[in-house]
Amino acid sequence: MSNVYEERVTMIAAGEMQEFVPFGRDHCRRHPSATNLQLRQLQPASELWSSDGDAGLVGSLREVTIHEKQKESWHLRKGSCDIGEELDYDEELYVTGNMVIWSRGSKSHASSVYKAFTVDSPVLQALWCDFNIPQDKTECMEAQEKTEKCVCIVQRSCVNVHTVDGKDYIAPLPFQVADVWANKYGLIFERNNPVQEVPLSPLREPLPTMFSMLHPLDEIAPLVCKSTAVTNITRVQYIADYTLKIVFSSSTPSLIMTYDTAQCLHAVWALRKIKTEEQNTVLRCPSTAGTPQQIVTSSSLTAHLRSVSKGESPIASPFQNFSSFPNPNRSIVSPGAHSRSHSPSISNMAALSRSHSPSLGTSSFSGVQRFNLSTNTPSPKRGRNSHSPNSTLSDSLLVPETEPVIPELCLDHLWTESMLNIREKNSQAAKVFITSDLCGQKFLCYLVESRHQLRCVKFEESNDLTQLIFGTVTVIQAKDAAPVESVNTMVVLESNGNLVLYTGIIRVGKVFIAGLPTPSLSMSNTLPRPSTPLGSISTPARPSSRHPGTLDEAFIFRSTLSTGVSIETDSAAPAVWPSPVPELNDSTKIHDSLYMDDCTFHQIGTYIHSLRDPVQNRVTLEMSNGNLIRITTPEITNSQLVKKCLQAIRYILPKEVAVQVLIKWYNAYNAPGGPNYHSEWNMFVICLMNMMGYSTDRLMWTRNLDLEGSLSPVIAAKKARPSEIGSDEDWEYLLSCDYHHNFESHLLAKALHLDPLEVLHPKEEIFPNLGLDSTTLLFGHIPAIFFVLHLIYEELKLDNLMRDGARSLVILLYQLARDLKLDMYMDSYWRDYPFLMKALKQTCQIDQAQTRLMHQPPFLTAEPPSIYHWLSSCLNADMMSPFPYLPGICERTKLIVQSFALYILGDEKALSLEPSMYLSRIAAGQRKQQAEEDDKRLSLNPGTLSSSLAAKLVISLTNLGFTLKDLESVPFGVALPIRDAIYHCREQPSSDWSEAACSLIGRQDLSKQAHEGNLHKTKSALGHVLLSDGVSGNEAEEEEDGMNDMNQDLMSLIWNEDLRVQEVRRLLQSTHPVRVNVVQMPEVSDHEYIEEKENRLLQLCQRTMALPPGRGMFTLFSYHPVPTEPLPIPKLNLTGRAPPRNTTVDLNSGNIDVPPNMASWASFHNGVAAGLKVAPASQIDSAWIVYNRQKNTELTNEYAGLLMALGLNGHLSKLTTMSIHDYLSKGHEMTSIGLLLGISAAKLGTMDISVTRLLSIHIPALLPPTSTELDVPHNLQVAAVMGIGLVYQGTAHRHIAEVLLTEIGRPPGPEMENCTDRESYSLASGLALGMVCLGHGSNLIGMSDLNVPDQLYQYMVGGHRRAQPGTHREKHKSPSYQIKEGDTVNVDVTCPGATLALALLYLKTNNRSIADWLRAPDTQYLLDFVKPEFLLMRTLARGLIMWDEIKPNPTWVNSNIPPIVRQNNASLNTIDGQVSEDVDLQTMRQAHINIIAGACMAMGLRFAGSSNAAAFNCLYKYVKMFLESVSSPVATLAGHHNLETCLSVVLLSLALVMAGTGNLKVLQLCRLMHKRTGGEMNYGFHMAAHMALGLLFLGGGRYSLCTSNSAIAALLCALYPRFPAHSTDNRYHLQALRHLYVLAAEPRLLVPVDVDTNTPCYALIKITYKASQWCEEMPVNLMAPSLLPELHLLKEIKVKGPKYWEIMMDLSKGPQGLQSILSKDGFLYVKLRAGHLSYTEDPKGFRSLLAQTFTHRNPEFLSIKVQPRRLLPSQLPEAVSAFTSDPALLSFAEYFCKHSKKEGQKQDVLDLFSSILYECVTQEKPEMLPTYIAIDQAVRRLERKEMSETFELWQIKLMQQFYNSVCLQDKFKNSTTGLLINPEFLLAMKNTLDKTLDLWLHASGDVLLHSYLSSHPVEESQINMLACFLVYHSIPTLQQIAATGINGTTCFSELLLKFSRLHLPVQALMRLAPVILGGPQATLI
């Protein structure tokens, strides 16, 4: 323990003195702008202009003369770190010229620049400031304020604010600023007061002088003050008094100190947010009473501020540099200035409006009301720079702006210093700070330099904590002062040059700095000898003393090298206690006078001029010669033990006494030479006892302490005896010292058989009557101090790490108890440490008169409070009195007591705020509030309502910040109940526990899950681990196919039996040339052969161009791009290679006709596929999106696709408006399509107004009738209409719906408008209308007059066109010149859109009447009126409406086919003979296949992503059927094209059902389709087949489809069952819409990740479905990683044993937790149980079972004597390694359980260790291993009679009681988990203990026991066994036994009766009885 502290001391190197140079000064010389300046100084003026383009520096050179020394300033503060650990470093803000440098550094870490800023004009001031940004109130009702840490740089005309996270703002200043102050809320500005304003005419009111700014984007608002006048009327008014100057501002507490230059008085104000009523008062009537100086009319103020907030600043605007035109005078600007256009935090418009500002003269200061010439009309709310879109210049010219500036902060007057008789001119405070004294009293100190005074005002909070109360002023004469925060003192520089330490207003002593020049050290030469100020700074070669070494009188004689800082006790306040070194007293006095009078600092060449930059305990001294020296003030203590004792003493004593005690200790501790860590405690004891009135040099043990401490050479010199010859006393001292005792018991002494030396008993007669001096400081408080130290001792007993401390403290306590005659306390100490007590024999007499002087506190009880006794009674369920504790000091006592009360007694109220039943708080000698606050803070509160007591306890401990590390330091007996609770919670913790709670119960899997709140980085962390193995050999191939970022390891885990993933990559790659295999027939000429090859290639290219949509599905969201690299887009390769010579075949040779722009849409799809790889959680921004566009080229189709993809994954919403405008204005059609669809998808269902505007420009119907006709390409209109549907999805917006309804039937106009590809526009309008009214059915609010369903029905079946409603009537007056439609609806155009609109409108509503509209006609006559493909749509639509009726079987499919069609199509593949003549077979056949395809698609959508087996089988049957019919001879009847379309639709439906599963049968079908390249297989069918393949492997198996309304709509758009005929075909359906499937994809793969190895693994999970109309609640077992069903169907998910720890997620509370896991790659952390191997290594669990049987076969294996040998010793570590991978346990097995060659006596120990290890490992409780071993060691120690303290015996006793306690037996009747400690082991240990103690009792113990009970002196050799016996058997103390009156008892029954009230265990009584009844030697038979 001590080593740690020594180490810390050396690290701190306290007291060392360092020369201080601000780091910024050095850095400035190397800073780029400074370098430029130096270069320019060397160049002739003529070259300056040409040296570089940025010539703005010339201007600055003219102003600067080269020799002028630059002005610099800096300030330091304590470094703040967000990380948990406490780093102690300084932060420095250095200002010079135009530069500000923020650096960080400390003694142990070199300084480094954190940020450097360069601005345009000289920096006036730089300061740190925190701005508060209110967060949205969505999460909780109280809006949490987020703090932004910033640096503010003040220039003449503006303030630059730079936040830590990179935002920067520039706020213009509307006036010249005199000073800026940071406070709790933001900044306060003081206006510079121009001279001409002083002689005020009565007509003009003054302007406010102080302003506040709460955020850089806020307006600057005037400050208001609230003060009570003489007449006691409280007035609220603006601060307009220019004689008021701020001299200090602090944020905690929120204070402002001002100085009134007229009255020369200081005042203190509280700064707070203004209240609404005060705002109203000020704004209504600014101020009517008072002098004209105080009157301000708000209108003039507003006008003035408004005018300047527009940027009309009183001096030339600084913003000209930022304006958009190039400026030749541009100097080097900070990076922030350039980045402002991209800064997200400020709107560009605001920046622009501020930057073009006309320069105005100082006239803007006049109070004349002015008109506002700006278009900016800010609102009084936060975002004040908003622009009203409708305000125009003319409006604001007419109306004067009267909206006032609303004040935001208010000053409340708190205190003004009292008037003196004479006014002290210029007595303004030069320095103000807040300091607190050693007892926590706060003082506001201000230094009045002109009078050399430091004035200190004490202040404290009122009882209700609402306001501050100020006290009187104390004046200290001082030249300068600085606070020392961490020691609660301040350093004061007196006018004679001495540095003095004060705490509050009490003087502590002088500070000497050893490195400063000191006079010559010979006594004769008293004149000072000058030397360099840094003459003796310690360097590594010449180290300073180890401790904060110190220096005073005696030190001057002896040590020249120690360079500590020392405190000298002031001669004015001499020490109260006798000096430990009487011999030297006189010389000290001589020296004092000599040195103090003659050697003041002024005679030395350099002296301390001032103090600056105090941080923690460091302060800089500014010397008279300009050097800066940084010194450290020593800490108050470094020992934990002393610290705790001081806290307790400070708590219990009155404040005045406490401060004196602390000062005396501080002086003693930091005396010359300083103690090392070991002797710090000794010093404390001597110091404390001296203050209590003891003479420590006459008490034997303290005298030894004193001598022990003499390790330091300086102290040794002080204590040198005058006699040179040794004496006997020296020898006796050596024999009795602790070192000698320790050595005697050392192993070496035994090994060498050294005889112990007889110790001559010290002659105690020397000090016969020791007494106490009752005049000392603490004499009266001895009992109180004794009691709090006793409580500290009880607290230390609960901390293993402080056992040494308890041992040291108990000696002091024993002495005090003896002197206070507290026998029961003495007895309890003796029982704890029997050996320590025998040495303490001296008593100090305290006579009656003195006792009366002592204050006897009420809490000092006769019976000592013992924490072990209390816990023991708690376990035995006896009566207990509340246990006393010191709040804030004995926190562990409180925690343990409350935990036991909760867990053992089952009292849940034990955790309530007032723990009076179990704890009693000791009343403090001072400040009650503080303690209460501590108590509120640290009370256990169970947090969530947990079911079991164990869970409540764990949650409460977590809330207190109790961790496993803390638990390890709790003694094992006390910790057992807590460990037991943890063990019981481990099995099934609640899924919503916090990370800390999961760590506490040892479930790393759950704690890591809770910790992975921001898991978007896991791809890099975990993904790279996985990817490293999976890279195949051919690197070049890997790079380009666009699929190499997939998580190979994960996919090989999901599909581990074959290479299907490689096959999918082969089918979907489009980067390699295709193989053109054409055999040249003999009759074919070479030229024709080349043409033939190229024609073949053209066919194959149809397939290649159709691949990208499928690849996009396969690689969906699989990649996190690096923000600094562009996204790789694989190239689309349309060339071929012809075997056998591998010659290249190219389409560009000109031999055949190739369609123009053939690959344009293919490129678009390729771009989309690349963009969809980007995961939604990636960290990309607008700049990255723009950066991906190829420079210096036109916009490409690939980039257009990329934009759409980024919209689909949500990133496009980050794109700035400027970039969007830039792209659209280029007029590139594809880019516009991608951009509009992308932005709409990103803003799905938001009704975003800006996006609506963007889309409306492209839709003529949404523009006003009078607007200009824009020439918008047709495809772009389609995309825009679809975009409107996405943005307004599900909103049922009336106007939008009306327009879209009209657009479905938009007639063709004249001049070829709307004439081509009308079908796709009508379809898009229908789909968009369906989306807008998605699932609303008949509940369309406010649309009944539109008759939406009727209108759609008409569009579907035809009929007379209705009149166009609304504004567009005019547009369609003149008919088209090309297309004659008449006045009927053109069903061929409108039917698909209307049908699907109806389907989406009534989606899942099961509305039968609408569904009947969509039923297929059942007569041949009617069938002839409907196109066959429209029957597909109708069947599909009908299925979607009657959602719940879809059944996954062919019966349901056939139920859609009308009887007439069914009769005429008995079989698809044969032609029956008996067909009646009048039936049109072709119509019937086409109707039949289309209806089946429609029904299949409806089924596919209904079961999308469910991998439903029945649906799969049904659809698979139909795919096979269609495949057969395609190749059958009757295919011509239905038409090849129709059959291919239906086949594609059914294949897609099958893929929908199996989405993400990678099903092998479907993969084979897709591969078959891939191979068919000739005949009817065109571009569209290839696209369908490869989309099916992509859906099958959606997102690499991580994604599946959901069936929400929105998802169904998206899938309908993407899989619209009419496929393009060729690659540029958009006639029926816009190809870009094929990618909207992304909106239906959701992550559903759950991947178990082993928390120890951090790799994915297999785990068994059980999912339980909710009960629904289709099935009961049912559990299903899955082997994860696997796709989960849709979450809304599930009730719970559980990771099942036996291999892994169970994790249960209850989805009935809401699926948010699971959703967040799935969205972050689906990693669920699991933890392998001990004794099991993972499924990969041991799939059947056999290897684990072998291990299990081994351990379960012998439950008796923990008995000590009998040890069945199952394993050979050498196999042991290997066997353990099968159970655990913990290195500590493996090492234990290796070193402590292996048998040695020589089978010696240790065999049984090794056997025991082996069995303990097995038990701990197999039963998942490795944390019990140390406990087992501790018990075993303790028992063995007792057997050897070597137990010197009874601590371990108590622990064993508590454990036994815990397992015997009644509550436990109830608990375990229904418990599944076993006991933490093997009961047989405990029993064996108990027997051994009983046996050992009984043997001792029979041998010689009864005599000892008898003499103890009859209060006779006890023989010392056996004293430890006696103590063990008393503790183990809970024998009461003598006083308790005497109280029962057992004297004269003769029989056992009487004894039993008398002892019953003491609750003595019977077995103890059986052992006591013979001793009490029969005297010694009587034994019980």
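Residues numbered from 1 in each chain as written. Predicted model: local features only at pLDDT ≥ 70, side-chain atom pairs only at ≥ 80, totals over all residues. Heavy atoms only, no water.

Q: Honestly, the confidence of the model for the protein chain in this entry has me stumped. Any pointers?
A: Interpretation of the predicted coordinates at a detailed level should be avoided for regions scoring low in pLDDT. Predicted confidence across the protein chain gives a mean pLDDT of 78, with 75% of residues reaching 70 or more. Low confidence marks residues 709-722, where pLDDT is under 50. Its contacts with residues over four positions away, or in another chain, come to 16 contacts. In this model, residues 1749-1769 is a region of pLDDT below 50 whose contacts with residues beyond four sequence positions or in other chains number 36 contacts. (pLDDT = per-residue confidence, 0-100. Contact = heavy atoms within 4.5 Å.)

Q: For this particular structure, what's the right way to read the packing of aromatic side chains?
A: According to the stated counting rule, one finds 33 aromatic pairs in the structure shown. Geometrically, the ring pair formed by tyrosine 1421 and phenylalanine 1425 is edge-to-face, given 5.1 Å between the ring centres and 75° between the ring planes. Per residue, the accessibility class of tyrosine 1421 equals that of phenylalanine 1425, and both read exposed. Grouping aromatic residues by their ring pairs yields a cluster made of Trp665, Tyr669, Trp681 and Phe684. Directly above the ring of tryptophan 128 sits arginine 77, whose terminal nitrogen or CZ lies 4.2 Å from the centroid. A cation sits over an aromatic face here: lysine 797 above tyrosine 868, 5.0 Å from the ring centre. (Phe/Tyr/Trp six-rings, centres within 6.5 Å; stacked < 30°, edge-to-face > 60°. Buried < 20%, exposed > 50% of the residue type's maximum accessible area, 1.4 Å probe, protein only. Lys NZ or Arg CZ within 6 Å of the ring centre and 35° of its normal.)

Q: Would you mind going over the sheet that holds strand 5 (residues 112-118) with me for this structure?
A: Within a beta sheet, neighbouring strands are joined by backbone hydrogen bonds and run either parallel or antiparallel to one another. Taken in spatial order, the four strands line up as 2-3-4-5 in an open sheet, and their pairing is antiparallel. Each edge of the open sheet carries a strand with a single partner, namely strand 2 (72-78) and strand 5. Recorded for the sheet is a direction-independent mean angle of 15° between the axes of neighbouring strands. Where helix 2 (residues 23-30) meets the sheet, it contacts strand 2, strand 3 (90-96), strand 4 (99-105) and strand 5, and its direction lies at approximately 50° from that of strand 3. (Pairing = 2+ DSSP bridges. Helix = DSSP H or I, 4+ residues; strand = E, 2+ residues; numbered from the N terminus. Axes fitted to C-alpha atoms, helices over the stretch in contact; angles between N-to-C directions.)

Q: What's the story with a nonpolar patch on the surface in this structure? I'm lost.
A: A cluster of nonpolar side chains, namely Phe1948, Leu1952, Val1962, Met1966 and Leu1973, defines an oily patch on the protein surface of about 390 Å² accessible area. Counting only elements with at least two residues in the nonpolar patch, the list comes to helix 74 (1948-1955) and helix 75 (1962-1974). Of the residues forming the nonpolar patch, the biggest block, three residues, is contributed by helix 75. Its place among the elements puts leucine 1973 in helix 75. Classification of leucine 1973 by relative accessible area gives partly exposed; the value is 32%. (Patch = residues over 30% accessible without salt bridge, like charges linked within 9 Å, V, L, I, M, F, W, Y side chains within 5 Å. Areas by Shrake-Rupley, 256 points an atom, 1.4 Å probe, with all protein chains shown as cover. Salt bridge = Lys/Arg side-chain N within 4 Å of Asp/Glu carboxyl O.)

Q: What is the right way to read the packing of helix 26 (residues 867-876) against helix 69 (residues 1847-1860) from this model?
A: Axes are the key here: two packed helices are described by the angle between their axes and the distance separating the axes. Where helix 26 contacts helix 69, the two axes come as close as 9 Å, and the packing angle between them is 15°. Judged by the inter-axis angle, helix 26 sits roughly parallel to helix 69. Between helix 26 and helix 69 the crossing geometry is left-handed. Touching Tyr868, His869, Leu871, Ser872, Leu875 and Asn876 of helix 26 are Phe1847, Trp1850, Gln1851, Lys1853, Leu1854, Gln1857 and Phe1858, all from helix 69. (Parallel < 35°, antiparallel > 145°, perpendicular 65-115°, else oblique. Left-handed = near helix turned anticlockwise from the far one by under 90°.)

Q: Is there a simple way to explain the sheet that holds strand 16 (residues 244-250) in this structure?
A: The mixed open sheet is built from six strands, whose spatial order is 15-14-19-18-17-16. Edge positions in the open sheet fall to strand 15 (234-238) and strand 16, since each of these has one partner strand only. Direction aside, neighbouring strands of the sheet carry axes that sit 30° apart on average. Here strand 17 (residues 255-260) runs beside strand 18 (residues 265-273); their pairing, made up of six bridges, is antiparallel. Residue pairing for strand 18: isoleucine 256 is matched across the bridge by tryptophan 269. Against the sheet, helix 6 (residues 276-284) engages strand 14 (224-228), strand 15, strand 18 and strand 19 (409-416), with an angle of about 65° to strand 15.

Q: Before we go on, may I ask you to explain the pairing of strand 48 (residues 1723-1726) in this structure?
A: Because side chains alternate across strand 48, one face comprises the buried residues Phe1723 and Tyr1725, and the other comprises Leu1724 and Val1726, equally buried. Where strand 41 (residues 1645-1650) meets strand 48, four bridges bridge the pair, whose relative direction is parallel. Residue valine 1649 lies in a different strand from strand 48, and its bridge partner there is tyrosine 1725.

Q: What is the right way to read the packing of helix 68 (residues 1825-1839) against helix 69 from this model?
A: For the pair helix 68 and helix 69, the least separation of the axes is 10 Å and the interaxial angle reads 120°. Classified by the angle between their axes, helix 68 and helix 69 sit oblique to one another. Between helix 68 and helix 69 the crossing geometry is left-handed. Here Thr1827, Ile1831, Ala1834, Val1835, Arg1837 and Leu1838 of helix 68 come into contact with helix 69, specifically with Glu1848, Leu1849, Ile1852 and Met1855. Partitioned by chemical class, the residues of the contact of helix 68 with helix 69 number seven nonpolar, one polar and two charged. (Nonpolar A, V, L, I, M, F, W, Y, C, P; charged D, E, K, R; others polar.)

Q: What is the right way to look at the nonpolar core in this model?
A: The nonpolar side chains of a soluble globular protein tend to be buried, and buried together. Formed by 227 residues in total, the largest nonpolar core has its most connected members in Leu499, Phe786, Leu812, Tyr829 and Ile1877. With eleven residues, helix 21 (residues 782-796) is the single largest residue contributor to this core. Setting aside anything within four residues of it in sequence, one finds isoleucine 1877 in contact with Leu976, Lys1821, Met1824, Thr1827, Tyr1828, Ile1831, Met1855, Tyr1859 and Leu1882. (Core = buried A, V, L, I, M, F, W, Y, C linked by side-chain atoms within 4.5 Å.)

Q: Help me understand the environment of phenylalanine 1117, please; the structure alone is not making it clear to me.
A: Within the secondary structure layout, phenylalanine 1117 lies in the loop between helix 39 (1107-1114) and strand 37 (1136-1138). On the basis of relative accessibility, which here comes to 9%, the residue phenylalanine 1117 falls in the buried class. The spatial distance from the C-alpha of phenylalanine 1117 to the C-alpha of alanine 1177 is 9.0 Å, given a sequence separation of 60 residues. Setting aside chain neighbours within four positions, we find phenylalanine 1117 in contact with Leu1172, Lys1173, Val1174, Ala1175, Pro1176, Asn1209, Arg1598, Tyr1599 and Val1638.

Q: Which parts of the structure should I look at to understand the pairing of strand 4?
A: Two faces make up the sheet, and in a regular strand the side chains alternate between them. Within strand 4, six of the seven residues are buried, leaving the element largely enclosed by the surrounding structure. Judged from the seven bridges that link them, strand 3 and strand 4 form a sheet pairing that is antiparallel. Bridge pairing in strand 4 places glutamate 92 opposite serine 103. If you look at the hairpin formed by strand 3 and strand 4, you'll find two residues sitting between the two strands, and glycine 97 has a positive phi there, around 55°. Here strand 4 pairs with strand 5 via six bridges, running antiparallel. Its bridge partner lying in strand 5, valine 100 is registered against phenylalanine 117. Connecting strand 4 to the next strand, strand 5, in antiparallel fashion are six residues.

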